[in-house]
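Structural overview
Here is how the chains run, residue by residue.
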Amino acid sequence: MEFVIILLKSLIIGGLLGFAAGAGAARMFHAPSTQGLGAFRTLGEMNACEGDPASHFSFGLGFFFNAWASAVGAGAFTQDVTHRVIPNWATAALLVKNKNVEETMHNPKKMGISGALIGMVLVAFLNTTAAAIPEALQVTAVAVLVPAATTLINIVMPVLFWLAAIDAGKRSGFWGTLFGAFAQMIMGNAVPGVVLGILVGKGVDEQGWTKITKIILTAAILLFVFSGFFRGFDLQMLESFRLDAPNWLNNLHDVFTVE
C-alpha cells in the first residue's frame, strides 16, 4: 500500500514538475518577446546539442545517474532533474520524429506535454527505487553510482561536446577547444568552456564581429579570469612554474579569501 501511495504521488508531482520544466525551457527560446521561465545554462546546454536527439539524450543521461544516486543515498532531488534531465529528454523524444527545432524544442506546448510524461516516469522511478532499496544497501548504491556519474560528466561529456564544437565549424571548433582547455584547467570540467566556445563561434559565423559578439567574447574571458582568481588558479599556476607571486596579488587574495 505504501508503494502505491508513493507511486501515485510521484506521478502527480512528476507530471506537474515535468510540464513546468519542459514548457519553461522552450519559452527561453522566445525571450525577450516572451518571458522565459528556465535557466540560462539550460538554454546554452540545449543549444550546444544542436537539435540532435542522441546528444540531448546522452547529455541528460549523464546527469540522470547523479540524480539517481542523490535520490537513493540522500532521499532528495538535485537541480539536474529540472534543469538538465527533463528538458533534454523531452527534447530528444520530440526530435526523434521531427528534426525541426522550431516545431519541437522551441514549442512550449509540445515541450510541456513531453516534459510532463518524462517527468512522471522519471520521478516515479527515482522515488520508487529510493523507497525500495534497503537502507543498508543505499551506501553501496551511492558508492557505485556516484563514481560512474562523475566519470560520465567529467570525461565522456566533455569529449562529446568538444566533437560537437568541431563539427559545428572552424570557429566553433577553435573557440570550443580553447575555452574548453581553460575550463578544464580552472574548473575541472571542460563542458562550460566548450559551450561558451560554441556560442562565440556560431555567433560570429551568423553575425560577424558585431558589438554583441564582442561583448559575449569579453564576458567569457572575464568569466575565466574571475573564476581563476577566486579559485586560486593564478597562484597555483605561478607555483607550478616555481615563481613567487607578487605581494599585491597575495594581498588581493587575502582580501577576498574567507577563512
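Residues numbered from 1 in each chain as written. Predicted model: local features only at pLDDT ≥ 70, side-chain atom pairs only at ≥ 80, totals over all residues. Heavy atoms only, no water.

An unreviewed UniProt entry annotates the chain as Permease of Candidatus Enterococcus ferrettii.

1. Observations regarding the overall build of the chain
In plain terms, the rule: Only runs of H or I of at least four residues qualify as helices and only runs of E of at least two qualify as strands under DSSP, and these elements are numbered from the N terminus. Whether two residues are in contact is decided by their heavy atoms, any of which lying within 4.5 Å being enough. Here Asp and Glu are counted as negative and Lys and Arg as positive; His is not counted, and neither are the chain ends. A charge is said to be at NZ when it belongs to Lys, at CZ for Arg, at CG for Asp and at CD for Glu.
Along its length, the chain carries 11 helices and zero strands. When its helices and strands are written in sequence order, the chain yields α-α-α-α-α-α-α-α-α-α-α. By its C-alpha atoms, the chain is 65 × 50 × 30 Å across when sized along the principal axes. Of the contacts made within the chain by residues no fewer than 6 positions apart, 68% connect residues no fewer than 24 positions apart. Averaging the positions of the 15 positive and the 16 negative side-chain charges in the chain gives two centres separated by 10 Å.

2. Topic: helix 10 (residues 233-240)
We count it as follows: Exposure is judged per residue with a 1.4 Å probe applied to protein chains only, and the accessible area is read against the type maximum: over 50% gives exposed, under 20% gives buried, and values in between give partly exposed. To obtain the arc, one takes the directions from the helix axis to the C-beta atoms.
Within helix 10 the residues assigned to the buried category are Phe233, Asp234 and Leu238. The arc that holds every buried residue of helix 10, seen down its axis, measures 135°, which confines them to one face. Those residues of helix 10 that are exposed and aimed more than 90 degrees away from the buried face are Gln236, Glu239 and Ser240. Positive phi shows up at arginine 242, right after helix 10, with a value of about 60°.

3. Notes on the packing of aromatic side chains
Short version of the rule: In this scheme Phe, Tyr and Trp rings, the latter by its six-membered ring, pair at centre separations within 6.5 Å, and the angle between planes marks the pair as stacked below 30 degrees, edge-to-face above 60, and tilted otherwise. The rule is short: NZ of Lys or CZ of Arg within 6 Å of the ring centre and within 35 degrees of the ring normal puts a charge over the ring.
Counting across every chain of the model gives 14 aromatic pairs. Summarising the aromatic geometry, the rings of phenylalanine 179 and phenylalanine 224 are spaced 5.3 Å apart at their centres and angled 40° between planes, so their arrangement reads as tilted. Residue phenylalanine 179 is found in helix 7 (residues 170-187), and its partner phenylalanine 224 is found in helix 9 (residues 211-230); the two are separated by 45 residues along the sequence. Given a relative accessible area of 3%, phenylalanine 179 falls into the buried group. For phenylalanine 224, a relative accessible area of 7% puts it in the buried group. Each member of the aromatic cluster is reached from another via a ring pair, and the members are Phe57, Phe64, Phe65, Trp68, Trp89 and Phe125. A cation over a ring is seen here: arginine 84 above phenylalanine 63, with NZ or CZ 4.5 Å from the ring centre.

4. Here's the deal with the layout of surface pockets
Any space left empty among the atoms is revealed by the rolling of a water-sized probe across them. To be explicit about the condition: Of the two site types, the cavity is a set of points on a 1 Å grid over the protein atoms alone where a 1.4 Å probe fits but cannot get out, and the pocket is an open set with protein on both sides within 12 Å along at least five of seven lines, each lined by residues with an atom within 4 Å of a point. Grid points are joined across faces, edges and corners, and a volume is the space filled by probe spheres set on the points. Each residue is assigned to one class: nonpolar for Ala, Val, Leu, Ile, Met, Phe, Trp, Tyr, Cys and Pro, charged for Asp, Glu, Lys and Arg, and polar for all the others, Gly among them.
A volume near 220 Å³ is recorded for the second largest pocket. Broken down by secondary-structure element, the contributors of at least two residues to the lining of the second largest pocket are helix 7, helix 9 and helix 10. It is helix 9 that contributes the most residues to the lining of the second largest pocket, five residues altogether. Across the lining of the second largest pocket, the residue classes break down as nine nonpolar, one polar and one charged.

5. Remarks on the nonpolar core
Cut-off, in case you're wondering: What makes a nonpolar core is a set of buried Ala, Val, Leu, Ile, Met, Phe, Trp, Tyr and Cys residues whose side-chain atoms join them at distances within 4.5 Å.
Membership of the largest hydrophobic core comes to 25 residues, with the highest contact counts inside it found for Phe64, Leu122, Leu126 and Phe161. When contributions to this core are tallied by element, the ones reaching two or more residues are helix 3 (53-74), helix 4 (80-95), helix 5 (108-132), helix 6 (135-167) and helix 8 (191-207). The greatest single-element share of this core, amounting to seven residues, is contributed by helix 3. Setting aside its immediate chain neighbours within four residues, phenylalanine 161 contacts Glu45, Ala48, Cys49, Phe59, Val191, Val194, Val195 and Ile198. Grouped together as the second largest cluster of nonpolar side chains are 11 residues, Phe179, Ala183, Ile186 and Leu196 included.

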